[in-house]
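Observations on chain architecture
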Amino acid sequence: DQQVKQNSPSLSVQEGRISILNCDYTNSMFDYFLWYKKYPAEGPTFLISISSIKDKNEDGRFTVFLNKSAKHLSLHIVPSQPGDSAVYFCAASSLPYKYIFGTGTRLKVLA
Amino acid sequence: SQTIHQWPATLVQPVGSPLSLECTVEGTSNPNLYWYRQAAGRGLQLLFYSVGIGQISSEVPQNLSASRPQDRQFILSSKKLLLSDSGFYLCAWSVGSGYTFGSGTRLTVV
């Protein structure tokens, strides 16, 4: 049973426009959420996080929104750049050291 | 600063051969250590995690095992590889929230 789902395996966006990546979860005990970016043949790198006590966290071009009632979070990238092309994973945790990752969304930003 | 080393970067092994992937962490003490696998269409699957020397928790039944002989060393092993063991293996550590990942090992079992 996939507790963290990223239902869009891929997304294409024009450079300069907004990229919206979505993530749904089923476990209401999850209280901390992360987004990672991964380039081919490299390990994922941390992008941004949000705890369940907040509904929005912003870091430069990246904003994560959390809707606890819908068990949904999204990552907004504005403006999108070609260098943002990568696979994005969301992850959720209810324990301090155990995260469940989604299956990832491949973002392609078109120049 | 904390760094994580993982090797080798790529590996091609025949079915039935043994496996040993090593991961070491520098610049931190008593980290939580993890082995993940990214298989096609499967996302990042947690295989093992360790909260201390000799303490290993297995998340999925499989052909693999893990060991932590030292505080900052985590080893992923197999006695006999299967074709289904092919994938991208990632070591990670955490102290508190979130992970720092290694650069990964691309394993192809032929």
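Being a predicted model, the structure only gives us computed values, none of them experimental.

1. Topic: the interface of chain A and chain B
- The interface is formed by 16 residues belonging to chain A together with 21 residues belonging to chain B.
- Across the contact surface, chain A and chain B share zero salt bridges.
- It is strand 4 (residues 32–38) of chain A that provides the largest number of residues to the side of chain A that touches chain B, a total of four residues.
- Class assignment of the residues belonging to the side of chain A that touches chain B gives a composition of 10 nonpolar, three polar and three charged.

2. A look at the sheet that holds strand 1 (residues 3–7) of chain B
All names here are of chain B.
- Read from one edge to the other, the open sheet built from four strands follows the order 1-3-8-7, with strand pairing classed as antiparallel. Looking at the sheet topology across the chains shown, the edges are occupied by strand 1 and strand 7 (65–70). Across the sheet, the axes of successive neighbouring strands diverge by a mean angle of 20°, strand direction being ignored.
- Relative to strand 8 (residues 73–78), strand 7 runs antiparallel, the two being bridged by four bridges. Bridging across to strand 8, serine 65 finds its partner in serine 77.

3. Details of the state of the cysteines
All names here are of chain A.
- Under the counting rule described, the total for this entry stands at two disulfides over all chains.
- The disulfide partner of cysteine 23 is cysteine 90, and the S-S distance across this bridge is 1.9 Å. Residues cysteine 23 and cysteine 90 are joined by a disulfide whose S-S torsion is about 65°; by sign, that bridge is right-handed. In this pair, cysteine 23 is assigned in strand 3 (residues 19–25) and cysteine 90 in strand 9 (residues 86–95), connecting sequence segments 67 residues apart.

4. Section: the packing of aromatic side chains
- Under the criterion given, the structure shown has 16 aromatic pairs over all chains.
- Their ring planes at 20° and their centres at 5.9 Å tell us that A:Phe101 and B:Tyr99 sit as a pair that is stacked. Remark: B:Tyr99 occurs in the loop between strand 9 (87–94) and strand 10 (100–101) and A:Phe101 occurs in strand 10 (residues 98–101); the pair is interchain, linking two chains.
- Since its relative accessible area comes to 3%, A:Phe101 is described here as buried.

5. Here we look at the side chain of A:Ser51
- Position of A:Ser51 relative to the elements: it lies in strand 5 (residues 45–51).
- What makes A:Ser51 buried here is its relative accessible area of 18%.

Calculation notes
Residues numbered from 1 in each chain as written. Chains lettered and ligands numbered in written order. Predicted model: local features only at pLDDT ≥ 70, side-chain atom pairs only at ≥ 80, totals over all residues. Heavy atoms only, no water. Contact = heavy atoms within 4.5 Å. Salt bridge = Lys/Arg side-chain N within 4 Å of Asp/Glu carboxyl O. Helix = DSSP H or I, 4+ residues; strand = E, 2+ residues; numbered from the N terminus. Nonpolar A, V, L, I, M, F, W, Y, C, P; charged D, E, K, R; others polar. Pairing = 2+ DSSP bridges. Axes fitted to C-alpha atoms, helices over the stretch in contact; angles between N-to-C directions. Disulfide = S-S within 2.5 Å. Phe/Tyr/Trp six-rings, centres within 6.5 Å; stacked < 30°, edge-to-face > 60°. Buried < 20%, exposed > 50% of the residue type's maximum accessible area, 1.4 Å probe, protein only.

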